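A structural walkthrough
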Amino acid sequence: MFQTSFKYYKSRNPPPTFENVLLIGTDQPNLKPVQLTHDNESIFSGLYPPNDWKIYELCSRPGLLLLANPFTCEGQRYWMKRSLVNYPMHPNTTNQSNASQSTQQVQWWKMVQSITDATERKKFAQKLRWTTLGYQYDWTHKIYDETRKENFPSELRALVQYVATVLGYNRFSPEAAIVNYYPIGSTLAGHTDHSEDDRTAPLFSFSFGQPAVFLIGGLSRDEQPDAILLRSGDIIVMTGESRLCYHAVPRVCADLELPDNMGNSAKRWDPNDVSVEQHDDEMWNDVEQYIQYSRININ
Ligand SMILES: O=C(O)CCC(=O)C(=O)O
Ligand SMILES: [Fe+2]
């Protein structure tokens, strides 16, 4: 059932319809609103105050929490920049780490920007698919290597701890992250995340840039998954029963493929009431180019 659904949403010809894809933040029978049980006085830069957050639990997958984009436009641009400029950098491992000597020595983002031809620049940039933070994940042996523990970025730790605390996970402290980079058209096959020592701890997932169809199924591949549209700024938290469920990304779409009410991602990071000169630095222009054809997921 999982594979059938994966193929359906991945298909180019014919393309899928999005009628059964859940939109976080809308009234849907499968989305149960979650009320915060304690006061949240503190604020966090780049996020709207928690009392304004729209939080849901997916009725068909108890423990799966969905947060409709709580980020300000500025907050979104900040995390996109961090993910592109700082995270794919030595000593963090990326899928490109062994591609050439220079990918180890020169900042990946600087290499991208040094390519003057736009087509070539895009071709090069699209090759980056993941980077690991904190404990470096060993994909071959499917373990977190005790001897390869790098610093976990303090600003990302602060963000995750803030969101965790608002949701009631006061003791959560992240030790490892995978940042996934998806050019439009790329996919992530069905899998479960079970290499972590403490599988009772929640898993936090932040999405930025182009929208994607996310599938969440059951503990086996036999169950029919639910399809959810993850748009820029949306957060999902896999807790409880949903923590070890199969999930996948069968489609990263361009806004234009989506029905009118689902698209318009760029509004989430590009406020039209502020002129570009006013709102940001030079680096943003390059990041903005990249994000036109990509999705970033911090997991
Ligand atoms: O990109 C996503 O939304 C999911 C990524 C994921 O499942 C993973 O990194 O394990
Ligand atoms: Fe995963």
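Keep in mind it's a predicted model, so treat the numbers as computed, not measured.

Remarks on helix α6 (residues 154-166)
The end-to-end C-alpha distance of α6 is 18 Å, a good match for the 18 Å that 13 residues give at a rise of 1.5 Å each. Contacts from the buried residues of α6 go to β5 (130-138), β7 (176-183), β9 (203-209) and β12 (235-238). Of the residues one or two after α6, G168 is the one with positive phi, at around 100°.

Looking at the packing of helix α2 (residues 73-86) against helix α8 (residues 282-291)
Where α2 contacts α8, the axes come no closer than 10 Å and their chain directions differ by 85°. Taken together, the axis directions place α2 and α8 in an arrangement best described as roughly perpendicular. Residues R77, M80, K81, L84 and V85 of α2 form the contact with α8, whose participating residues are M283, W284, V287, Y290 and I291. By residue class, the composition of the contact of α2 with α8 is eight nonpolar, no polar and two charged.

Here's the deal with the nonpolar core
The biggest cluster of nonpolar side chains holds 63 residues, and the ones touching the most others in it are L65, L66, V179, A212, F214 and I228. Leaving out residues up to four positions away in the same chain, V179 has contacts with S83, Y87, W130, T131, L133, I296 and I298.

Quick look at the sheet that holds β9
Strands in a sheet are paired, the pairing made by backbone hydrogen bonds, and the direction either parallel or antiparallel. Strand order in the open sheet formed by nine strands is β2-β3-β4-β12-β9-β14-β7-β5-β6, with antiparallel pairing between adjacent strands. With partners counted over all chains shown, the strands left at the sheet margins are β2 (31-33) and β6 (143-149), one partner each. Strand after strand, the sheet turns through a mean of 30° between neighbouring axes, direction not considered. In the sheet, β2 pairs with strand β3 (residues 54-58) via three bridges, with the strands oriented antiparallel. Bridge pairing links P33 to Y56 in β3. Against the sheet, α2 contacts β7, β9 and β14 (294-298), and its axis sits at roughly 100° relative to β9.

Quick notes on the environment of V112
The residue V112 is located in helix α4 (residues 108-113) in this model. Between the C-alpha atom of V112 and that of Q126, which follows or precedes it by 14 residues, the distance is 9.9 Å.

Remarks on the site of ligand 1
All residues in the neighbourhood of ligand 1 are listed as I178, N180, L188, D193, S205, S207, F214, L230, H247, V249, N297 and N299. Elements represented by at least two residues in the shell around ligand 1 include exactly β7, β9 and β13 (247-252). Partitioning the shell around ligand 1 into residue classes produces five nonpolar, six polar and one charged.

Quick notes on the UniProt feature "binding site: Fe cation" (unreviewed entry) in the chain
UniProt's feature table lists "binding site: Fe cation" (unreviewed entry) at H191, D193 and H247, given in the numbering used throughout. Considering the C-alpha atoms alone, the annotated residues occupy 57 residues of sequence yet fold into one spot, their largest mutual distance being 9.0 Å. On the basis of neighbour count, D193 is assigned to the partly exposed category, with 15 C-beta atoms found within 10 Å. Tracing the sequence through the fold places H247 in strand β13. Using a count of 25 C-beta atoms within 10 Å as the deciding quantity, one classes H247 as buried. Filtering out sequence-adjacent residues up to four positions away, H247 remains in contact with G190, F214, L215, I216 and G217.

A closer look at the pairing of β7
Both β5 and β7 contribute to a ladder of five bridges, which runs antiparallel. Counted as the bridge partner of T132 is I178 from β7.

Parameters at a glance
- Position numbers for residues start from 1 in each chain and track the written sequence from start to end.
- Working convention: letters from A go to chains and numbers from 1 go to ligands, in the order in which they are written.
- Since the coordinates come from a predicted model, pLDDT governs what is reported: local features require at least 70, and pairs of side-chain atoms require 80 or more to be given and counted, while whole-chain, interface and lining totals use all residues.
- Note on conventions: DSSP H or I runs of at least 4 residues are helices, E runs of at least 2 residues are strands, and numbering of each starts at the N terminus.
- One less than the number of residues in a helix, times 1.5 Å, gives the span that helix is expected to have.
- Contact between two residues is assigned when their C-beta atoms, built from the backbone, lie within 7 Å.
- Axis lines are fitted through C-alpha atoms, for helices just across the contact stretch, and the angle between N-to-C directions can take any value from 0 to 180 degrees.
- For this classification, under 35 degrees means roughly parallel, over 145 means roughly antiparallel, 65 to 115 means roughly perpendicular, and everything else is oblique.
- Under the scheme applied, nonpolar residues are Ala, Val, Leu, Ile, Met, Phe, Trp, Tyr, Cys and Pro; charged residues are Asp, Glu, Lys and Arg; polar residues are all the others, including Gly.
- In plain words, the nonpolar core is the set of buried Ala, Val, Leu, Ile, Met, Phe, Trp, Tyr and Cys residues that C-beta atoms within 7 Å link up.
- Around each residue's C-beta, the other C-beta atoms within 10 Å are counted; 20 or more make the residue buried, 12 or fewer make it exposed, and counts in between make it partly exposed. All C-beta atoms are placed from the backbone.
- DSSP-based pairing: two strands are paired if at least 2 bridges between them are found.
- For each residue, a C-beta atom is positioned from the backbone; the residue is called near a molecule or strand if that atom sits within 6 Å of it.
- UniProt positions are given in the numbering used here, feature names are shortened, and annotations may be inferred rather than shown by experiment.

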